[in-house]
Amino acid sequence: MAKIVIAKKVLEANDNIAARIRDRFREGGISAIDIMGSPGSGKTSVIERTIERLKDEIGIAVIGGDLATSLDADRLAKYDIPVVQINTGTCHLTAYMIEQGLEELDLDGVGLLIIENVGNLICPAGFDLGQDRKVLISSVPEGDDKPLKHPLMMRICQAILINKMDLINFVDFDTDKFKRDALNINPEVQFFEVSARIGEGIEDWTNWLRKQMSKDEIKS
Ligand code: MG
Ligand code: ZN
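Residues numbered from 1 in each chain as written. Chains lettered and ligands numbered in written order. Predicted model: local features only at pLDDT ≥ 70, side-chain atom pairs only at ≥ 80, totals over all residues. Heavy atoms only, no water.

Asker: Explanation requested: the coordination of the magnesium ion (ligand 1) in the structure shown.
Answerer: Around a metal, the ideal angle is 109.5 degrees if four donors adopt a tetrahedral arrangement and 90 or 180 degrees if six donors adopt an octahedral arrangement. Donor atoms from the polypeptide that coordinate the magnesium ion (ligand 1) comprise Thr44 (OG1), Asp72 (OD) and Glu116 (OE), at 2.0 to 2.1 Å from the metal. Taken in sequence order, the residues that donate to the magnesium ion (ligand 1) follow the motif T-x27-D-x43-E. Within this pair, whereas Asp72 is found in helix H3 (residues 71-76), its partner Glu116 is found in strand S4 (residues 110-116), the two being separated by 44 residues in sequence. Judged on exposure class, the residue Asp72 and its partner Glu116 are both buried. (Donors = N, O, S within 2.8 Å, 3.2 Å for Na, K, Ca; no water. Helix = DSSP H or I, 4+ residues; strand = E, 2+ residues; numbered from the N terminus. Buried < 20%, exposed > 50% of the residue type's maximum accessible area, 1.4 Å probe, protein only.)

Here is the structure:
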């Protein structure tokens with residue numbers, strides 16, 4: 001029983017910080033997305049393609065969470081945008097870590113903050129980071145059973161990028177089943193079939209993102 005009380009308090013504290021971050025983003029005219037997915041699903045590759053498409057029209061910054069190393073931040077350094085890598089030491093980012101990361105970022109002129117969560121389909125779904133939308137990267141080699149196995153993740157996502165579509169003929173992945181199962185849990189979720197490696201389908205995704213971000217501006 002005590003353990004349940006503590007877990008609830010941790011999440012409440014997280015939500016309070018997330019609300020503070022969200023206020024700050026609204027005031028600063030910043031839209032934030034939390035990119036989640038398994039290790040190797042292609043989160044960093046999707047972020048790279050997204051930066052390439054949008055960087056000329058909007059200021060972008062990245063906060064990356066990884067258990068260890070700065071490998072992803074090193075990959076993103078070539079875009080000459082503000083990047084902070086957080087070594088979480090744990091399997092998800094928390095709002096507190098985002099707040100710490102924001103201290104290190106120059107957000108002047110930034111309109112889009114991309115958060116790359118730790119590779120994990122479980123707890124990142126449970127932690128509000130003050131983002132405007134949560135986005136799942138699910139790659140076809142992982143299998144089409146992810147919606148059924150990770151219902152919370154399905155419920156809290158606004159968009160799912162089905163990545164590595166260039167491999168679809170080499171793996172058993174039923175795209176229709178994946179979408180059907182996800183829609184059963186979250187009828188609002190948007191799908192984008194992409195291959196971040198070769199840049200396919202990225203335009204549809206960034207068009208959607210741009211449209212969503214314009215709604216954030218109206219709110220503020
Ligand atoms: Mg990565
Ligand atoms: Zn975790």
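Having seen the structure, we can now continue with the description.
Asker: Any chance you could explain the sheet that holds strand S7 (residues 190-193) here in plain terms?
Answerer: Strands belonging to one sheet form pairs held by backbone hydrogen bonds; the direction of such a pair is parallel or antiparallel. Strand order across the open sheet formed by 7 strands is S3-S2-S4-S1-S5-S6-S7, with parallel pairing between neighbours. A single partner strand is all that each edge strand has here, and the edge strands are strand S3 (83-87) and S7. For this sheet, the mean angle separating the axes of adjacent strands, direction not counted, is 20°. Sheet topology note: the strand S5 (residues 133-139)/strand S6 (residues 159-163) ladder contains 5 bridges and is parallel. (Pairing = 2+ DSSP bridges. Axes fitted to C-alpha atoms, helices over the stretch in contact; angles between N-to-C directions.)

Asker: How do you make sense of the pairing of S3 when you look at a structure like this?
Answerer: Along any regular strand the residues' side chains alternate between the sheet's two faces. The pairing of strand S2 (residues 59-66) with S3 spans 5 bridges and is classified as parallel. Residue pairing across strands places Val62 opposite Val83, the latter belonging to S3. What joins S2 to S3 is H3, and the crossover it makes is right-handed. (Right-handed = clockwise from strand over helix to strand, strands pointing away.)

Asker: Looking at this model, I keep getting lost on the side chain of Arg26. Mind explaining?
Answerer: Mapped onto the fold, Arg26 is located in helix H1 (residues 2-28). At 2.8 Å, the side chain of Arg26 forms a polar contact with the backbone oxygen of Ile30. (Polar contact = N/O pair within 3.5 Å; in protein donor to acceptor, adjacent residues only side chain to side chain.)

Asker: Got a minute to help me understand unusual backbone geometry in this structure?
Answerer: For residues that are not glycine, phi is negative in most cases, and the peptide bond is trans in most cases. Within the chain, Asp80 stands out as a residue other than glycine whose phi angle is a positive 60°. By the element assignment, Asp80 lies in the loop between H3 and S3. Judged by relative accessible area, which is 72%, Asp80 ranks as exposed. One non-glycine residue, Lys164, adopts positive backbone phi at about 65°. Tracing the chain through its elements places Lys164 in the loop between S6 and helix H7 (175-185). Residue classification places Lys164 among the partly exposed positions, given a relative accessible area of 24%.

Asker: Any chance you could explain the nonpolar core here in plain terms?
Answerer: Nonpolar side chains in soluble globular proteins tend to be buried together. One finds Ile51, Leu112, Ile114, Leu161, Trp205 and Leu209 to be the most contacted residues of the largest nonpolar core, which totals 25 residues. For this core, the secondary-structure elements that each account for two or more residues are strand S1 (31-37), helix H2 (43-54), S2, S4, S5, S6 and helix H8 (202-219). Ranked by residues supplied to this core, first place goes to H8 with 5 residues. Not counting chain neighbours up to four residues away, the residues in contact with Leu209 comprise Ile33, Thr50, Leu54 and Leu112. The next biggest cluster of nonpolar side chains, apart from the first, holds 22 residues, and it includes Ile30, Ala61, Leu93 and Phe127. (Core = buried A, V, L, I, M, F, W, Y, C linked by side-chain atoms within 4.5 Å. Contact = heavy atoms within 4.5 Å.)

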